[in-house]
Amino acid sequence: MMKVYAIDGLIPVVHPSAYVHPTATLIGDVIVGPDCYIGPSACLRGDFGRLILEQGVNVQDTCVMHGFPESDTVVEQDGHIGHGAVLHGCRIGRNAMVGMNAVVMDKAVIGEASIVAAMSFVKAGMQVPARSLVVGAPARIVRVLSDEEIAWKTQGTAQYHELTRRSLASMQLVEALTEAEADRPRIPVTSQLPAYRIKADSIETKKIEKY
C-alpha cells in the first residue's frame with residue numbers, strides 16, 4: 001500500500017492508471033494524473049504548495065517535489081524526471097526531461113521537449129525555450145536539441161509508460177532467493193541506447209559518410 005497522507009484536510013489524488021511505489025511518499029495537495037509512474041522513495045510534499053503531475057509523467061526514485069505556499073509545481077504531460085532530481089515551485093514543460101540529481105528552482109520554466117542535463121542547477125526564474133539543452137551549475141542554455149535527441153527522450157519516456165503498466169500488473173513484495181537460478185531470465189523489455197552511445201554512433205556515422 002502506498003504512503004499517502006492527508007494534511008489540513010487535503011488528500012492526495014492518484015489516478016487509478018498511475019503507479020506509485022509503496023516506498024514513495026505523497027502528502028497533502030498532490031495530484032497524480034493518468035499513466036504516471038512514481039518511483040521508490042520519491043517524496044511529493046504538498047504541505048505548502050500544490051504539486052501537479054499530468055498524464056504520462058514519470059518521477060523516478062528519490063526525487064523530491066515541493067513548493068512555497070500558493071505555488072504550483074507542475075510537470076506537464078510526458079515529463080521525465082530522472083533519479084534524485086529536485087523540483088521546487090517550477091514548471092516542467094510537455095515532453096521535457098530533467099536529468100539525474102538536477103535541481104530546478106522556483107518560478108523556473110523548462111520549455112517543451114527540453115532537456116536539463118544531470119547535476120545541473122536551474123536558478124529561480126530561469127526561462128528555458130522549447131527544445132533547449134540546459135547544462136551546468138548554474139545552468140545555461142547551450143544549444144537547440146536535434147530531432148534525434150528528442151526522439152531518444154520520447155522513447156525513454158515510453159519505456160516508463162510501459163513500466164507503469166508492468167508495475168501495476170506484476171510488482172509484488174516477495175522473499176529474496178538465496179542464489180540465482182542456472183537459467184535466470186532477463187527482464188523482457190526492449191533495449192534503449194544511453195545518450196552517450198547515441199552521440200558516439202552519430203559521430204561515427206558522419207565519419208563514414210565523409211569518406
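Bear in mind the structure is a predicted one, so any value in this text is a computation, not a measurement.

A. Just the overall build of the protein, in detail. Of regular secondary structure, the protein possesses 2 helices and 20 strands. Computed over its C-alpha atoms, the radius of gyration of the protein comes to 18 Å, within 12% of the 17 Å expected for a compact globule of 211 residues. Seen through its principal axes, the protein has C-alpha atoms that stretch 65 × 55 × 25 Å. When the 211 residues of the protein are sorted by exposure, 42% land in the buried category. Of all intrachain contacts in the protein linking residues separated by at least 6 positions in sequence, the fraction that spans at least 24 positions is 14%. Entry remark: accessible area of the protein is about 12000 Å², with carbon and sulfur atoms responsible for 58%. Positive and negative side-chain charges in the protein, numbering 20 and 23 respectively, have mean positions lying 7 Å apart.

B. Layout of the sheet that holds strand S5 (residues 37–38). Strand order in the open sheet formed by 8 strands is S3-S5-S7-S10-S13-S16-S19-S20, and the pairing between neighbours is mixed. Where the open sheet ends on each side, the last strands, each with one partner, are strand S3 (19–20) and strand S20 (140–144). Pairing between S5 and strand S7 (residues 58–59): 2 bridges, direction parallel. Paired with Tyr37 across the strands is Asn58, a residue of S7.

C. Structural detail: the side chain of Ser132. As for its placement among the helices and strands, Ser132 is situated in strand S19 (residues 132–135). Within the local environment of Ser132, its side chain forms a polar contact with the backbone oxygen of Pro129, the two atoms lying 2.8 Å apart. When residues no more than four places from it in sequence are discounted, the contact partners of Ser132 are Ala113, Ser114, Ile115, Ile141, Arg143 and Leu145.

D. View of unusual backbone geometry. Omega for the bond connecting Ala137 with Pro138 falls within 30 degrees of zero, at 5°, which places this linkage in the cis form. With respect to the helices and strands, the residue Pro138 is situated in the loop between S19 and S20. Unusually for a residue other than glycine, Met119 sits at a positive phi of about 70°. Here Met119 is to be found in the loop between strand S16 (115–116) and strand S17 (121–122). Given the relative accessible area of 58%, Met119 is considered exposed.

E. Focus on the state of the cysteines. Per the counting criterion, the structure on display carries 0 disulfides. Not engaged in a disulfide, the cysteine Cys43 finds its nearest cysteine sulfur in Cys63; these two sulfurs lie 11 Å apart. Look at Cys63 and you get buried, because its relative accessible area is 1%.

F. Highlighting the side chain of Thr25. Locating Thr25 in the fold gives a position in strand S4 (residues 25–32). Of the residues examined, Thr25 reaches a relative accessible area of 19% and is grouped as buried. Residues within four places of Thr25 in sequence aside, it is in contact with Lys3, Tyr5, Ala42, Cys43 and Leu44.

G. Highlighting the pairing of strand S6 (residues 43–53). Here S4 runs beside S6; their pairing, made up of 7 bridges, is parallel. Looking across to S6, one finds that Val30 is bridged to Leu51. In this structure, S6 lies alongside strand S8 (residues 64–66), joined through 2 bridges in parallel fashion. By the bridge assignment, Cys43 is partnered in S8 with Val64. The pairing of S6 with strand S9 (residues 72–75) spans 4 bridges and is classified as parallel. Paired with Ile52 across the bridge in S9 is Val74.

Analysis parameters
- Residues numbered from 1 in each chain as written.
- Predicted model: local features only at pLDDT ≥ 70, side-chain atom pairs only at ≥ 80, totals over all residues.
- Heavy atoms only, no water.
- Helix = DSSP H or I, 4+ residues; strand = E, 2+ residues; numbered from the N terminus.
- Rg over C-alpha atoms; globule rule 2.2 N^0.38 Å.
- Buried < 20%, exposed > 50% of the residue type's maximum accessible area, 1.4 Å probe, protein only.
- Contact = heavy atoms within 4.5 Å.
- Areas by Shrake-Rupley, 256 points an atom, 1.4 Å probe, with all protein chains shown as cover.
- Lys, Arg positive; Asp, Glu negative; His and termini not counted.
- Charge placed at Lys NZ, Arg CZ, Asp CG, Glu CD.
- Pairing = 2+ DSSP bridges.
- Polar contact = N/O pair within 3.5 Å; in protein donor to acceptor, adjacent residues only side chain to side chain.
- Disulfide = S-S within 2.5 Å.

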